[in-house]
Amino acid sequence: DYALVAECTSFCTTWAQCGCVYFQITTRGKGIYTPFIPRPTPRGESPNAVVQMAAVIQALEKWSDEYIERGSVEFEGGTIRPNSTIGAIRGGVPYQIANSVGKCSIYFDVRIPPGKDPLSVQPEIERVIRDTGIKAEVRPYMTRRGYEARGHEPLVESTNTAMVAKGVA
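Chemist: Please provide a residue-by-residue account of the environment of R90, values included.
Modeler: With respect to the helices, strands and loops of the structure, R90 is situated in strand β5 (residues 84-91). Along the backbone, R90 and V50 are 40 residues apart, and their C-alpha atoms lie at a distance of 8.8 Å.

Chemist: Got a sec to walk through the pairing of strand β6 (residues 103-112)? Specific residues and values, please.
Modeler: Burial runs high along β6: 8 of the 10 residues are buried. Sheet analysis places strand β2 (residues 19-28) next to β6, joined by 10 bridges and oriented antiparallel. Paired with C20 across the two strands is R111, which belongs to β6. Two elements, β5 and β6, share 7 bridges in a ladder whose sense is antiparallel. Note that in β6 the partner of I86 across the bridge is F108.

Chemist: Please provide a residue-by-residue account of the packing of helix α1 (residues 49-70) against helix α2 (residues 122-132), values included.
Modeler: Helix-helix packing: each pair is described by the crossing angle between the helix axes and the interaxial distance. The interhelical angle for the contact between α1 and α2, taken along N-to-C directions, is 140 degrees, at an axis separation of 9 Å. When the axis of α1 is compared with that of α2, the two are oblique. Crossing angle aside, the handedness with which α1 passes α2 is right-handed. On α2, the residues touching A55, V56, A59, L60, W63 and R70 of α1 are E124, I125, V128, I129 and T132.

Chemist: Explain the pattern of salt bridges to me, and be specific about the residues and the numbers.
Modeler: Pairing is possible between side chains of opposite charge, provided their charged atoms come close. Scanning the model with the defined rule gives 7 salt bridges in all. R81 is the salt-bridge partner of E69, the closest N and O atoms lying 3.0 Å from each other. Residue E69 is found in helix α1, and its partner R81 is found in the loop between β4 (78-80) and β5; the two are separated by 12 residues along the sequence. The partly exposed category is assigned to R81, whose relative accessible area is 44%. The shortest N-O distance in the salt bridge between E148 and R150 comes to 3.4 Å. Note on E148: relative accessible area 28%, which makes it partly exposed.

About the criteria used
- Residues numbered from 1 in each chain as written.
- Predicted model: local features only at pLDDT ≥ 70, side-chain atom pairs only at ≥ 80, totals over all residues.
- Heavy atoms only, no water.
- Helix = DSSP H or I, 4+ residues; strand = E, 2+ residues; numbered from the N terminus.
- Buried < 20%, exposed > 50% of the residue type's maximum accessible area, 1.4 Å probe, protein only.
- Pairing = 2+ DSSP bridges.
- Axes fitted to C-alpha atoms, helices over the stretch in contact; angles between N-to-C directions.
- Parallel < 35°, antiparallel > 145°, perpendicular 65-115°, else oblique.
- Left-handed = near helix turned anticlockwise from the far one by under 90°.
- Contact = heavy atoms within 4.5 Å.
- Salt bridge = Lys/Arg side-chain N within 4 Å of Asp/Glu carboxyl O.

As structure tokens, then:
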């Protein structure tokens, strides 16, 4: 009838959890031999997909700082602060660096408060990237809804009693 999720909550008991959506965000460039790369080139026009991605990353980091504040949700058990991070980047080949990179992808994890559609942030992310002047593909590849448990009171009470008895709370 109940489930316990052992996740980092600062040793607090909670009955709500964010969902998430994972995005693959890809920029495309051209493989140009280093001596022939035009200089100076505005960042938005760089033939190097990694250079383009640098501008996207900066914009997404700024968006993330704002998202955690405006996306916070109060509930009976406290405050849910959704967050996001760039968890991986792929671009180029380390042993073939004499050319600019033709494709670069980042993998972006965005946490979603309970009750919100995980894909609701995609238009925001697309707008943030579009505002950089960089063309990028934004593709969600995994979603999970957030939740807030109902009828949790007996489990929370038992858990809190056990934590006090063990001297944890």
